[in-house]
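Secondary and tertiary structure notes
Spelled out from the first residue to the last, the chains are:
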Amino acid sequence: MPDVLALSARQATHTLQQDGKTQQDILPEMAVGSTTPDSSLALRLYVGPKDIDLLKTIRPPLNGLVQFGWTGFIAEPLFYILRWIYHLIPNYGWGIIVMTIAINMLLYPLKLKSWRSMQRMQKVAPEVRSIQDRYKKYSMRDPRKQEMNKEVMAVYSREGINPMGSCLPQLAQMPIWFGLYRMLNVTIELRHASWLWIHDLSGRDPYYILTISMALLMYAAQKMTPMTVTDPGQQRMMTLMPIMFAGMFFIIPVSSGLILYIVTQNAMAVLQQWHLNRNSPLKPPAKSKKQMDRAALTK
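I will try to describe carefully the structure that is included in this document. Here, residues in each chain are numbered from 1, in the same order as that chain's written sequence. Where totals are concerned, whole chains, interfaces and linings use all residues; where local detail is concerned, this predicted model gives features only for residues with pLDDT of at least 70, and gives and counts side-chain atom pairs only at 80 or more. With hydrogens and water stripped out, all remaining heavy atoms of the structure feed into the side-chain values.

1. A look at the nonpolar core
- Nine residue types can take part in a nonpolar core, namely buried Ala, Val, Leu, Ile, Met, Phe, Trp, Tyr and Cys, and a core is a set of them joined through side-chain atoms within 4.5 Å. Using a 1.4 Å probe on the protein chains alone, a residue whose accessible area is under 20% of its type maximum counts as buried, one over 50% counts as exposed, and one in between counts as partly exposed. Counting 41 residues, the largest nonpolar core has Leu-78, Leu-180, Met-183, Leu-190, Leu-201, Met-214 and Tyr-261 as the members making the most contacts within it.
- Segments assigned H or I by DSSP are reported as helices when at least four residues long, segments assigned E as strands when at least two residues long, and all are numbered from the N terminus. Residue assignment for this core shows that the elements contributing at least two residues are helix H1 (52-57), helix H2 (72-88), helix H3 (92-106), helix H7 (168-186), helix H8 (209-224), helix H9 (232-251) and helix H10 (256-279).
- A contact between two residues is defined here by any heavy atoms of the two lying within 4.5 Å. For Leu-180, the residues in contact, after removing those within four places along its chain, are Leu-78, Met-99, Gly-257, Leu-258 and Tyr-261.
- Ranked by size, the runner-up nonpolar core spans 10 residues in total, among them Ile-131, Tyr-135, Val-152 and Tyr-156.

2. Let's talk about the environment of Gln-24
- Assignment of secondary structure puts Gln-24 in strand S2 (residues 21-34).
- Classification of Gln-24 by relative accessible area gives exposed; the value is 51%.
- Gln-24 sits 12 residues away from Ala-12 along the chain, and the two C-alpha atoms are 9.9 Å apart.
- Not counting chain neighbours up to four residues away, the residues in contact with Gln-24 comprise Thr-13, His-14 and Thr-15.

3. Section: H2
- Expected helix span is given by 1.5 Å per residue-to-residue step, counting one fewer step than there are residues. The first and last C-alpha atoms of H2 sit 24 Å apart over 17 residues, in line with the 24 Å expected at 1.5 Å per residue.
- Listing the buried residues of H2 in full gives Gly-72, Ile-74, Ala-75, Leu-78, Phe-79, Leu-82, Arg-83 and Ile-85. Looking straight down H2, one finds that the buried residues subtend no more than 160° of arc, so they occupy a single side. In H2, the exposed positions angled more than 90 degrees off the buried face are occupied by Phe-73, Trp-84, His-87 and Leu-88.
- Packing partners of the buried residues in H2 comprise H1, H3 and H7. Think of it as the arc spanned by the lines of direction from the helix axis to the C-beta atoms.

4. Examining the packing of helix H5 (residues 125-135) against helix H6 (residues 144-159)
- Axes here mean lines fitted to C-alpha atoms, for a helix over just the part in contact, with angles spanning 0 to 180 degrees between N-to-C directions. At a closest axis distance of 10 Å, the pairing of H5 and H6 adopts a crossing angle of 170°. As summarised for this structure, H5 and H6 are arranged roughly antiparallel, according to the angle between their axes. Contact with H5, carried on its side by Glu-127, Val-128, Ile-131, Gln-132, Arg-134 and Tyr-135, involves Arg-144, Lys-145, Glu-147, Met-148, Glu-151, Val-152, Val-155, Tyr-156 and Arg-158 of H6 and no other residues of that element.
- For this classification, the nonpolar set comprises Ala, Val, Leu, Ile, Met, Phe, Trp, Tyr, Cys and Pro, the charged set comprises Asp, Glu, Lys and Arg, and every other residue, Gly included, is treated as polar. Of the residues in the contact of H5 with H6, the class split is seven nonpolar, one polar and seven charged. Orientation labels follow simple angle bins: below 35 degrees gives roughly parallel, above 145 gives roughly antiparallel, 65 to 115 gives roughly perpendicular, and whatever is left gives oblique.

5. What to know about the packing of H8 against H10
- Remark: H8 packs on H10, axes separated minimally by 9 Å, with the N-to-C direction vectors making an angle of 20°. As far as their axial angle goes, H10 and H8 are roughly parallel. Crossing of H8 against H10: the hand is left-handed. In contact with Leu-210, Thr-211, Ser-213, Met-214, Leu-217, Met-218, Ala-220, Ala-221 and Met-224 of H8, H10 contributes Ser-256, Ile-259, Leu-260, Ile-262, Val-263, Asn-266, Ala-267, Ala-269, Val-270, Gln-273, Trp-274 and Asn-277. Crossing handedness is defined as follows: a turn of the near helix away from the far one that is anticlockwise and smaller than a right angle gives a left-handed crossing, while the clockwise case is right-handed.

What follows is the structure, encoded as structure tokens:
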């Protein structure tokens, strides 16, 4: 039968010098010990790095000490994929680039689906714009604005358009961003891993080169992709997105490995968009009746 462990507490005193005066300070202490006299207490203590493979060999396994959190279902597989690539290309920076290219090629069907959705939205853009023009005199709080939204959604429903279809590729990337962010912060393999001018992929880019490159590539991909929103306010917001992202990463200490992933993702987006524009360009939207009448008057 195992010994019963007891938690004992006591108070010790130590001497302090404060303002030239000597005083006694009480120091509480606690200890765990066996209540059976002359019995020994055996404890096991692990002192070492949080290496997942090493922690798995201990019985019971201690790999749970590497806490991927709620993103574990993405962060842990990303870690094993990246480590497998590292055995082929012994640099984690280039490994992140190769992994990003592979992920974006797997997500390319979503990009195609998004492109088809944009083509259908471009087709009905004049009709949607005419509906919005009829209701633009009303304020956003006016209940009649709801009628405008219903009419626009009816047009989309008639044409089989999902308004969120153009956002699918970016929405699919968001969980990967969170998983990669967590993985870079809890694994020791990426700690002090260098790539070109970066000495620690788990730390921030010291010169913000990646952050600036991210904003430029995001802007280039945005200019190459026709906007499906017709509201001028939303269009201005979309144009400001690269600046907002760059500003956020200037303020928040995001690891350079994550920004390297986003830079490579944006570079892939530019290449894929160039390919789609060349092989399956969007047709210019047909002019609405109001635009045709205006053009006739100017002749």
